[in-house]
Amino acid sequence: MELFSSDETVTAYTATKDSCSIALGVYDPNTMEKERQAEIYSAKVGFRKKGMIVDPPSFDTSLMKGFSAEWLESGMGFEFELLDDSMEYVTFYAAWLQAADIDPITREDAVSFWVL
């Protein structure tokens with residue numbers, strides 16, 4: 001699966017094989033905090049001057065709650081880190097579509113829409 005799209009707190013990953021497309025979305029309650037830390041880090045090391053925002057080598061999880069979700073570089077799923085007991089569950093969204101008469105890009109657009 002590959003990164004397809006994201007909104008403020010959910011990231012969607014999609015894959016297509018033959019006439020079927022699937023999307024997985026995961027809610028990360030700490031997305032905004034990660035973005036804040038990435039902006040601070042990028043300014044500190046000079047990436048902001050180049051118009052880039054880069055994640056720090058590691059996030060300060062003491063400023064986060066619930067859990068942290070990261071997509072595995074292997075493309076084989078998510079890694080979760082439980083930070084505290086403030087959330088009862090992890091939220092996943094999934095959608096799939098099988099339609100041979102629709103092009104793969106349109107199918108991936110459709111399934112990612114439903115998980116965001």
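That block above? That's the structure.
It should be emphasised that the depicted structure is a prediction, and the values quoted were computed from it without experimental measurement.

J.: Just to check I follow, could you spell out the overall build of the protein for this structure?
T.: Across its full length, the protein carries 2 helices and 6 strands. For the protein, the α and β elements follow one another from N to C terminus as β-β-β-α-β-β-β-α. Taking the principal axes of the C-alpha coordinates as reference, the protein spans close to 50 × 40 × 25 Å. Taking all 116 residues of the protein together, 31% fall into the buried category. Across the protein, contacts joining residues at least 24 apart in sequence account for 46% of those joining residues at least 6 apart. Counting 9 positive and 21 negative side-chain charges, the protein places the centres of these two groups 10 Å from one another.

J.: Looking at this structure, I do not really get the pattern of salt bridges. What am I missing?
T.: One side chain can pair with another of opposite charge once the charged atoms of both are near each other. Taken as a whole and assessed by the stated rule, the structure comprises 3 salt bridges. Between Lys34 and Asp28 there is a salt bridge, with its nearest N and O atoms 2.6 Å apart. Asp28 matches Lys34 in its accessibility class, with the two residues each being buried. A salt bridge links Arg36 to Glu33, with the nearest nitrogen and oxygen atoms 2.8 Å apart. Taken together, the residues span about one helical turn, with Arg36 and Glu33 both in helix 1 (residues 31-45) at a distance of 3 residues.

J.: How should I be thinking about helix 2 (residues 104-115) in this particular structure?
T.: Think of an α-helix as 3.6 residues a turn; residues three or four steps apart then line up on the same face. Taking 1.5 Å per residue, 12 residues should reach 16 Å; helix 2 reaches 17 Å between its end C-alpha atoms and fits that length. Buried within helix 2 are the following residues: Arg107, Glu108, Val111, Ser112 and Val115. The buried residues of helix 2 occupy one face: seen down the axis, they fall within an arc of 125°. Along helix 2, exposed side chains directed more than 90 degrees from the buried face belong to Ile105, Phe113 and Trp114.

Procedures and definitions
Residues numbered from 1 in each chain as written. Predicted model: local features only at pLDDT ≥ 70, side-chain atom pairs only at ≥ 80, totals over all residues. Heavy atoms only, no water. Helix = DSSP H or I, 4+ residues; strand = E, 2+ residues; numbered from the N terminus. Buried < 20%, exposed > 50% of the residue type's maximum accessible area, 1.4 Å probe, protein only. Contact = heavy atoms within 4.5 Å. Lys, Arg positive; Asp, Glu negative; His and termini not counted. Charge placed at Lys NZ, Arg CZ, Asp CG, Glu CD. Salt bridge = Lys/Arg side-chain N within 4 Å of Asp/Glu carboxyl O. Expected span 1.5 Å × (residues − 1). Arc of directions from axis to C-beta.

Keep in mind that these numbers describe shape and distance, not what the molecule does.
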